[in-house]
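Observations on chain architecture
Spelled out from the first residue to the last, the chains are:
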Amino acid sequence: MNQETWKGIILKKQGLLEGQSVEKICQNLNGLQAQFQPYVHIGFQNRMTKEEFQEADWQEKLTRQWSIRRTVHAYLKSEIPLYIHEGRMADTAYLQTEYRDELSPKTKQRFHQVILEGLSQESLTRDQIKDLCRAEKISLEDEKRIFNAWGGLLRYMVERGEIYQEYGAKRFHLLRDFQPLPKKEAELEIARRYFSGFGPVSLADARYYFKENKSTVLDWMKQLDLKTIQVAGEERFYLGDLEEAELPDCLFIAGFDQLLLGYEKKANPFFDPKHIRQIYTLTGIIKPTVFYKGRLVATWKRDKKDIILDVFEDLTSSELKELEGYRQAYQAKLPWFVRNNRMLP
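Quick summary incoming for the structure in this document. (Residues numbered from 1 in each chain as written. Predicted model: local features only at pLDDT ≥ 70, side-chain atom pairs only at ≥ 80, totals over all residues. Heavy atoms only, no water.)

In this section: the packing of helix H7 (residues 105-121) against helix H8 (residues 126-135). At a minimum axis distance of 10 Å, the contact between H7 and H8 shows a crossing angle of 125°. Taken together, H7 and H8 sit at an angle that is classed as oblique. The crossing of H7 and H8 is right-handed. Residues Phe-111, Val-114, Ile-115 and Gly-118 of H7 pack against Ile-129, Leu-132 and Cys-133 of H8. Looking at the contact of H7 with H8 residue by residue, the class counts come to six nonpolar, one polar and no charged. (Axes fitted to C-alpha atoms, helices over the stretch in contact; angles between N-to-C directions. Helix = DSSP H or I, 4+ residues; strand = E, 2+ residues; numbered from the N terminus. Parallel < 35°, antiparallel > 145°, perpendicular 65-115°, else oblique. Left-handed = near helix turned anticlockwise from the far one by under 90°. Contact = heavy atoms within 4.5 Å. Nonpolar A, V, L, I, M, F, W, Y, C, P; charged D, E, K, R; others polar.)

Below you can see the structure in the form of structure tokens.
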């Protein structure tokens, strides 16, 4: 198989060629990475039909919280036990020790209980939870530590399966009757979804995606009994069927998209590796990109209601003119407004 055929298969599997339900997107791709809410919302828009995307209820099926690689993902609320499985749950020692946050166990335990009691009455935003803690005379320094940039106490509670965060809003809910899946069962299912939804992939791709050592990934691969295929002389692994598809003329890809997270960035066939720093910054940002004529040729960003392109490939004047037409068409369909803490189509 050549790389152009592989690209068509991958784009189809990733839901970028025809609309899919939010359930299928999440189950095929282990959710979508969601550090930045606008990016993940565009990732869903790019994969859903216009009609389904405009129905607000799909957002209510999702949570947005820490998951694979300990990074924030949007995935189905019904699958919290899969992604916060027994092997990924936060250690209760966090509440018993000072840890690295310089919070005393007594302080953490006290406000842990305050937050649980508050959420047992109603769902609360992050700011409302802060107000609860302030009503209990939390000090300014302790507040900064409990609500630190890495998630703090709320992250611990999410990763213990005590609470969950809404998709599209910094609002938390009590998670009732939580039963995490066993570690081995959950890890194998997550790996199955990867090789099915992202494959054919190389061993290096899988290690890059999971951030796991080689022996762990090889063990999953052995248990899954994967199929193999040669892609441009390289052995790749997959599950399920491979449906070929024609490459589209142009696609606008979201930042932190699975298309760029699922494959080793130094050997991703979707772009020339000499442009790696135009896409993956040294500060850990993965920029929105433009797929045009078989490869990524530019990054894009929003400036108010406009899309701004930064073209890094050498394109002819006629190609640049054609790309401008695609830019205008995509700009017209993007979601721009937020109402009641919900991103609207």
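On we go from here.
Negative phi is the rule for most residues except glycine; trans is the rule for most peptide bonds. For the bond from Gly-199 to Pro-200, the omega torsion is 5°, close enough to zero to count as cis. You can see Pro-200 is positioned in the loop between helix H11 (183-197) and helix H12 (203-210). Here the phi dihedral of Arg-69 falls at roughly 60°; this positive angle occurs in a residue that is not glycine. On the secondary structure map, Arg-69 appears in the loop between strand S2 (62-66) and strand S3 (72-76).

Once that is clear, we can look at helix H13 (residues 214-224). Of the positions making up H13, those classed as buried are Val-217, Trp-220, Met-221 and Leu-224. Viewed end-on, H13 has its buried residues packed into an arc of 100°, placing them on one side of the element. With respect to the buried face of H13, the exposed residues turned more than 90 degrees away are Ser-215 and Lys-222. Where H13 is buried, its residues contact H11, H12 and strand S8 (234-238). Asp-225 sits one or two positions beyond H13 and adopts a positive phi of about 50°. (Buried < 20%, exposed > 50% of the residue type's maximum accessible area, 1.4 Å probe, protein only. Arc of directions from axis to C-beta.)

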